[in-house]
There are 2 protein chains.
Amino acid sequence: MPGSNSLSCFFNPENIAVVGASNNPDKAGYVIINNLLKINYPKKIFPVNAHEENILGLSAYACLSDIPDKIELVILITPSKVIVEVMADIDARMAKKKDIKGIVCAAAGYAEINTPEGKARQQVLMEGAKRNNIRVIGPNCIGVIDNYSKIDTTFVETLMQESSRGKAGGISFISQSGAMAASILMWGASSPAPLSYSKFVSIGNMADVDFIDLLEYLEEDVTTKVIGLYMEGYPKTRTLIETMARIALKKPVVVLKVGRTSKGAAAASSHTGSLAGEDRVYESAFKQYGIIRVENIEEMIDTMRALDLLPLPRGNKVFLYTQAGGPGIFCMDALSKNTTLDFAHINESTREQLRNMLPSFATVCCPEGYADISASASVEQHVQGINLLIADPSVDAIVFITVVPTFLPRNKLAEEIANIYRKTVLQKPFYTVIMAGNWVREARETIEAAGLPTFETPDRAAKVVANVVRYTQFLKKGSKRPGMEGQENATGQY
Amino acid sequence: MPGSNSLSCFFNPENIAVVGASNNPDKAGYVIINNLLKINYPKKIFPVNAHEENILGLSAYACLSDIPDKIELVILITPSKVIVEVMADIDARMAKKKDIKGIVCAAAGYAEINTPEGKARQQVLMEGAKRNNIRVIGPNCIGVIDNYSKIDTTFVETLMQESSRGKAGGISFISQSGAMAASILMWGASSPAPLSYSKFVSIGNMADVDFIDLLEYLEEDVTTKVIGLYMEGYPKTRTLIETMARIALKKPVVVLKVGRTSKGAAAASSHTGSLAGEDRVYESAFKQYGIIRVENIEEMIDTMRALDLLPLPRGNKVFLYTQAGGPGIFCMDALSKNTTLDFAHINESTREQLRNMLPSFATVCCPEGYADISASASVEQHVQGINLLIADPSVDAIVFITVVPTFLPRNKLAEEIANIYRKTVLQKPFYTVIMAGNWVREARETIEAAGLPTFETPDRAAKVVANVVRYTQFLKKGSKRPGMEGQENATGQY
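Residues numbered from 1 in each chain as written. Chains lettered and ligands numbered in written order. Predicted model: local features only at pLDDT ≥ 70, side-chain atom pairs only at ≥ 80, totals over all residues. Heavy atoms only, no water.

Trainee: What is the right way to look at the overall build of chain A in this model?
Mentor: Secondary structure assignment for chain A yields 16 helices and 21 strands. A globule of 494 residues ought to have a C-alpha radius of gyration of about 23 Å, and chain A, at 25 Å, matches this closely. Within chain A, the proportion of its 494 residues that are buried is 65%. Across chain A, contacts joining residues at least 24 apart in sequence account for 77% of those joining residues at least 6 apart. Within the structure as shown, chain A displays about 17300 Å² of accessible surface, and the carbon and sulfur contribution to it stands at 51%. With 52 positive and 53 negative side-chain charges, chain A shows a separation of 3 Å between the mean positions of the two kinds. (Helix = DSSP H or I, 4+ residues; strand = E, 2+ residues; numbered from the N terminus. Rg over C-alpha atoms; globule rule 2.2 N^0.38 Å. Buried < 20%, exposed > 50% of the residue type's maximum accessible area, 1.4 Å probe, protein only. Contact = heavy atoms within 4.5 Å. Areas by Shrake-Rupley, 256 points an atom, 1.4 Å probe, with all protein chains shown as cover. Lys, Arg positive; Asp, Glu negative; His and termini not counted. Charge placed at Lys NZ, Arg CZ, Asp CG, Glu CD.)

If you want it as structure tokens, here you go:
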């Protein structure tokens, strides 16, 4: 650790300088300034560029030493070959001002390229940081976002549009791959309501700030409700797993860990130079410590959103309420595959009310935990049934599927579902699947704008239900484990 | 079988009557007429409605008997309770004209509702059909599409837009669930280039025309290159499997079979009344006979498209060419999980050329079958590498992943990829993944418009590669099995 500063300099710095800022929209040094402006970073931004007087309306400076105001965070996007000059400038400034606490080195061309030059440049960066007591994120990273203190040091272009920026939310994400980070940001931005992050960090080469530093920071961060990680490999496996295990007792940790196969591990090694580690070590530790391992990007995004936006189920009793037979059967298969889950035997009175209220074509509780309300169900029937299931204490989680039949007013349905959420503080999670594709985009936007997640397919929802129920069961067991009695437990938070 | 007519009356009828046609856009009887007009059905459409003179610009008739022209196909969308009157009208017409060969009964409220009334109505329908030698699709179905002879009897609203109608293609699909059929049509319509069907049939209750009838028809249908099925259950399991097995030697059969678990099977039984059957019987038969079983809707659509649009790989040697490290590692894991697949050891000269041509940050053949061309690769470098791999005979299939870095002109890249396809008759399949989400929609549209499929994520592409390679290997083995020597084999077709 080159400096003892806390990581808060990255998430709430007093003024930011961007070394390598540019007026050329095809340069990362332009997008970074633009993103900082678009997110409305409330303090001062100082572009550093030897040849420009003005960048995106901001006064530019030839070097860091020239900036009169306090600078707590420096973003480096200059080519790696000038790192010696940049660090000399930092030395010069620090000799007088002693103000810089953090560097985000976004540029590539350091140790990750695995050449003597690359390694030497990373050494120059890190030695300079160390002698000035500065923390470093990167190099070779996309940047850092904090939606609460309005920081965005990334050069991801999607964020340049107001409409694709998510609101400040409860998800904090750490990515070991810049491309994966950019993809996840783009996917999140193009979902019906953009994904709501608290913090987002692309950690690149982890020359200083690494998984454990960030996990510990997010552990204490009150706006972080769910932590997501994309991981390739990390040398201190044991400490990492211990840290994740401790945090999982307080807030859910969702991990996409790659390098599971020997070929994948070999590719990981040639990518970040990191050793993927024996996958079965991770696999069994994740299982044991309630760390949610996901199989793919969709499952990761779906699971993080559900954990952020919906309460945790109290138990494992699921009810599937479907408007469409085929997708319903498909979902029953997907739910049944998870031995963690069970189906709710609803109360006699709920059963009666559903039978009386639903169309004659409907099938109720045959099998248990299942109702097919049929294509003839009206919007009111859709909604009444959901309300009955929300009120029934024998149901812990509801999966609701609708294909939205051609002649059902789907935007009215969406509005009514959004109202269920607006009117009641949800006491149990409610997973909505609206099929299919872009044809129901507007309906999904209405529901998501109200703060409820929607899912693309029945099996994607089923995976999320299994993940959150497994996590709930872990918390229940976890808090009873010997030596864990005193641990804070997240169950009450939701 | 109530009639001995061939199924061609459904796919190429001489004139169509729609009983229950409507001027109300919120009725299925309106959408059906509209869809027939939108697809440019080349022959005559006769709306039947006792109260209207004119429907969507077409002269309406009070009953079938009044229509002067020949009618080969009748679509029934009247409420099921008037089936007695409708069948009497058909009797009256047939006594004079003897022209009707097929009925698509789209209306619900027949045997599927499992009441004495529902069953009695289905009996009226079927007895009437039998005495007049008429084939029946349905009841309780979405309808029939043939993109070659320009038939669309469905009431799926997405098809009312010109832009969401796929071109005539090689995929023919049979769905046992109307909701699943509608969803699949909607998903297909909202992909970057709408899915290209040859025929699409929602078979509903299978009161007459069933899986086997349709499979046998599609087996001989020259425009059908790939057959897809969504199945819940079918009583004549043995005959069905034998039929699918015979067809799989000629053209690929892709199946989403639900009711895999006891809960799923129970839901299937209450849906279509069909018995899902022991899943392990299907599972082992599908494996043995080269029938491609898919896990979900995405995999089904992806696999069908790849089989329709791309050549089959000659062998199992895959090369992964990625612009992004993280997604590349993730994809290596996904590919490696399939023991069917192997990685290509490319020729020494290809290796040399890739190393010389790619940016210095690139990793080539480390591990074998893998190149990470890095975020600094230009459009030309993207494309040159693909061309080298296409030319190398040691590669049977190429997976190409790009996240499209912020500063790479993605639409130019898309145009160049489309050109690869336009300029050369592809001798090997080439699976393109462009991440992520709607941010690259335009690039995906450009590529798909040229006739190449694109995939949403690396793991979705990996699943498709595994499916098609497994099928190719089956064909190679299949044609060598005892008693199979004389069978026609599809390998040459691709």
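Trainee: Before we go on, may I ask you to explain the sheet that holds strand β13 (residues 253-257) of chain B in this structure?
Mentor: Pairing between sheet strands relies on hydrogen bonds along the backbone, with the strands arranged either parallel or antiparallel. All names here are of chain B. An order of β9-β8-β11-β10-β12-β13-β14 is seen for the seven strands of this open sheet, with the pairing classed as mixed. Every other strand in the sheet has two partners, leaving β9 (151-152) and β14 (292-293) as the edge strands with one partner each. Against the sheet, helix α9 (residues 279-288) touches β12 (226-231), β13 and β14, its axis set at about 165° to β13. (Pairing = 2+ DSSP bridges. Axes fitted to C-alpha atoms, helices over the stretch in contact; angles between N-to-C directions.)

Trainee: In this structure, what is going on with the relation of the copies chain A and chain B? I would like to understand it.
Mentor: For these two chain copies, the linking operation is a rotation about an axis paired with a shift along it. Each copy superposes on the other: chain A lies on chain B with an RMSD of 0.1 Å after a rotation of 180° and an axial shift of 0.0 Å. The two molecules are tied by a two-fold rotation axis, judged by turn and shift. For chain A, the residue whose C-alpha comes nearest the rotation axis is N438 of chain A, separated from it by 5.2 Å. Both copies share a contact surface, since 100% of the interface residues of chain A are interface residues in chain B too. (Least-squares fit on C-alpha atoms with pLDDT ≥ 70 in both.)

Trainee: What's the story with the sheet that holds strand β2 (residues 45-48) of chain B in this structure? I'm lost.
Mentor: All names here are of chain B. Strand order across the open sheet formed by five strands is β2-β1-β5-β6-β7, with parallel pairing between neighbours. With partners counted over all chains shown, the strands left at the sheet margins are β2 and β7 (135-137), one partner each. Strand-to-strand twist of the sheet, defined as the mean angle between neighbouring strand axes without regard to direction, takes the value 20°. Note: strand β1 (residues 16-19) against strand β5 (residues 73-76), four bridges, orientation parallel. Directly across from I16, in β5, lies its bridge partner L73.

Trainee: Looking at this model, I keep getting lost on the interface of chain A and chain B. Mind explaining?
Mentor: Interface size is commonly expressed as the accessible surface area that is lost when the partners come together. The interface of chain A with chain B comprises 72 residues on the first partner and 72 residues on the second. Approximately 5500 Å² of surface area, both sides summed, lies buried where chain A meets chain B, with 67% of it carried by carbon and sulfur atoms. Contact with chain B buries area across many residues of chain A, yet K263, F407 and W439 of chain A alone supply 14% of it, more than any other trio. In this structure, the connection of chain A to chain B is made through 14 residue pairs in polar contact (both at pLDDT 80 or more). Mapped onto the side of chain A that touches chain B, the elements with two or more residues apiece are α2 (28-38), α5 (178-189), α8 (262-272), α10 (297-309), α11 (325-336), β18 (370-372) and α16 (458-478) of chain A. Per-element accounting of the side of chain A that touches chain B gives the leading share, eight residues, to α11 of chain A. (Buried area = accessible area lost by both parts, 1.4 Å probe. Polar contact = N/O pair within 3.5 Å; in protein donor to acceptor, adjacent residues only side chain to side chain.)

Trainee: Could you clarify how one ought to interpret the packing of helix α14 (residues 410-423) of chain A against helix α15 (residues 441-449) of chain A in this entry?
Mentor: Residue and element names in this part refer to chain A. The contact between α14 and α15 brings their axes to 8 Å, and the two run at 15°. It follows that α14 is roughly parallel to α15 by the angle criterion. Classified by chirality, the crossing of α15 by α14 is right-handed. In this structure, α14 uses R410, N411, A414, E415, I417 and A418 to contact α15, whose residues at the interface are E442, A443, T446 and I447. (Parallel < 35°, antiparallel > 145°, perpendicular 65-115°, else oblique. Left-handed = near helix turned anticlockwise from the far one by under 90°.)

Trainee: What exactly am I supposed to notice about the pairing of strand β11 (residues 197-202) of chain A here?
Mentor: Regular strands have side chains that alternate between both faces of the sheet. Residue and element names in this part refer to chain A. Burial analysis of β11 places six of its six residues in the buried class, the great majority of the element. As judged from the three bridges shared by strand β8 (residues 144-146) and β11, these two strands associate in the antiparallel manner. For D146, the partnering residue across the bridge sits in β11 and is K199. Pairing of strand β10 (residues 171-175) with β11, which is carried by four bridges, proceeds in the parallel orientation. Each residue of the ladder has a partner; that of I174, found in β11, is V201. Viewed along the sheet, the connection from β10 through α5 into β11 turns out right-handed. (Right-handed = clockwise from strand over helix to strand, strands pointing away.)

Trainee: Would you mind going over the packing of helix α3 (residues 83-96) of chain A against helix α4 (residues 116-131) of chain A with me for this structure?
Mentor: A packed helix pair is summarised by two numbers, namely the angle formed by the two axes and the spacing between the axes. Residues and elements named next belong to chain A. Orientation of α3 relative to α4, taken along the N-to-C sense of each, is 5°, at an axis distance of 9 Å. Taken together, the axis directions place α3 and α4 in an arrangement best described as roughly parallel. Contact with α3, carried on its side by I83, V84, M87 and D91, involves R121, V124, L125, G128, A129 and R131 of α4 and no other residues of that element. Taken together, the residues of the contact of α3 with α4 sort by class into six nonpolar, one polar and three charged. (Nonpolar A, V, L, I, M, F, W, Y, C, P; charged D, E, K, R; others polar.)

Trainee: What should I look at first to understand the pairing of β5 of chain B in this one?
Mentor: Residues and elements named next belong to chain B. By the alternation rule, side chains of β5 split into L73 and I75 and V74 and L76, which are all buried. Sheet analysis places β5 next to strand β6 (residues 102-105), joined by four bridges and oriented parallel. Bridge pairing in β6 places V74 opposite I103. A crossover connection joins β5 to the parallel β6 through helix α3 (residues 83-96); in handedness this β-α-β unit is right-handed.

Trainee: Please explain the nonpolar core as it appears in this structure.
Mentor: The tendency in soluble globular proteins is for nonpolar side chains to be buried as a group. In terms of nonpolar packing, the biggest core is built from 314 residues, with L229, Y321 and Y431 of chain A together with L229, Y321 and Y431 of chain B touching the most fellow members. When residues no more than four places from it in sequence are discounted, the contact partners of Y431 of chain A are A306, L310, P313, A397, I398, V399, F400, F455, V464, V465 and V468 of chain A. (Core = buried A, V, L, I, M, F, W, Y, C linked by side-chain atoms within 4.5 Å.)

Trainee: Would you mind going over the packing of aromatic side chains with me for this structure?
Mentor: How two aromatic rings sit relative to each other is set out by the distance from centre to centre and by the angle between their planes. Throughout the structure, instances matching the rule amount to 20 aromatic pairs over all chains. For the ring pair F211 of chain A and Y234 of chain A, a centre distance of 5.7 Å and an interplane angle of 75° mean the geometry is edge-to-face. With a gap of 23 residues between them, F211 of chain A in helix α6 (residues 211-220) and Y234 of chain A in the loop between β12 (226-231) and α7 (237-248) connect regions that are remote in the sequence. Note on accessibility: F211 of chain A and Y234 of chain A belong to one class, buried. Ring plane angle 50° and centroid distance 6.1 Å describe the contact between Y431 of chain A and F455 of chain A, whose orientation is recorded as tilted. Of this pair, Y431 of chain A sits in strand β20 (residues 430-434) while F455 of chain A is found in strand β21 (residues 454-455), placing the two residues 24 residues apart along the sequence. You can call F455 of chain A buried: its relative accessible area is 1%. By way of ring pairs, the aromatic residues F173, Y197 and F200 of chain A are connected into one cluster. The ring of F11 of chain B has K199 of chain B sitting right over it, with the charged end atom 5.7 Å from the ring centre. The ring of Y282 of chain B is capped by K257 of chain B, whose NZ or CZ atom sits 4.8 Å from the centre of that ring. (Phe/Tyr/Trp six-rings, centres within 6.5 Å; stacked < 30°, edge-to-face > 60°. Lys NZ or Arg CZ within 6 Å of the ring centre and 35° of its normal.)

Trainee: Before we go on, may I ask you to explain the pattern of salt bridges in this structure?
Mentor: Think of it this way: side chains of opposite charge can pair up when their charged atoms draw near. With the rule as written, the count across this model stands at 61 salt bridges over all chains. A salt bridge links D221 of chain B to K199 of chain B, with the shortest nitrogen-to-oxygen separation between them at 3.0 Å. Of this pair, D221 of chain B sits in the loop between α6 (211-220) and β12 while K199 of chain B is found in strand β11 (residues 197-202), placing the two residues 22 residues apart along the sequence. By the burial criterion, D221 of chain B is buried, and K199 of chain B matches it. Residues joined in a network through salt bridges with shared partners are R260, D279, E283, K287, R293 and E295 of chain A. (Salt bridge = Lys/Arg side-chain N within 4 Å of Asp/Glu carboxyl O.)

Trainee: What's the story with the confidence of the model for chain A in this structure? I'm lost.
Mentor: Detailed conclusions should not be drawn from predicted coordinates in areas where pLDDT is low. Summarising the model, chain A shows a mean pLDDT of 90, and 94% of its residues fall at 70 or more. The complex prediction reports pTM at 0.92, with the ipTM value standing at 0.90. (pLDDT = per-residue confidence, 0-100.)

Trainee: Would you mind going over the side chain of N205 of chain B with me for this structure?
Mentor: Residues and elements named next belong to chain B. Relative to the elements of secondary structure, N205 occurs in the loop between β11 and α6. For N205, the side chain forms a polar contact with the side chain of Q122, separated by 3.1 Å. In contact with N205, not counting residues within four places along its chain, are Y110, A111, E112, Q122, G138, P139 and N140.

Trainee: Any chance you could explain a positive patch on the surface here in plain terms?
Mentor: A surface patch of like charges, here positive, comprises K337 and K463 of chain A together with K337 and K463 of chain B. Residue placement: K463 of chain A occurs in helix α16. In this structure K463 of chain A comes out as partly exposed when scored by relative accessible area, which is 37%. (Patch = residues over 30% accessible without salt bridge, like charges linked within 9 Å, V, L, I, M, F, W, Y side chains within 5 Å.)

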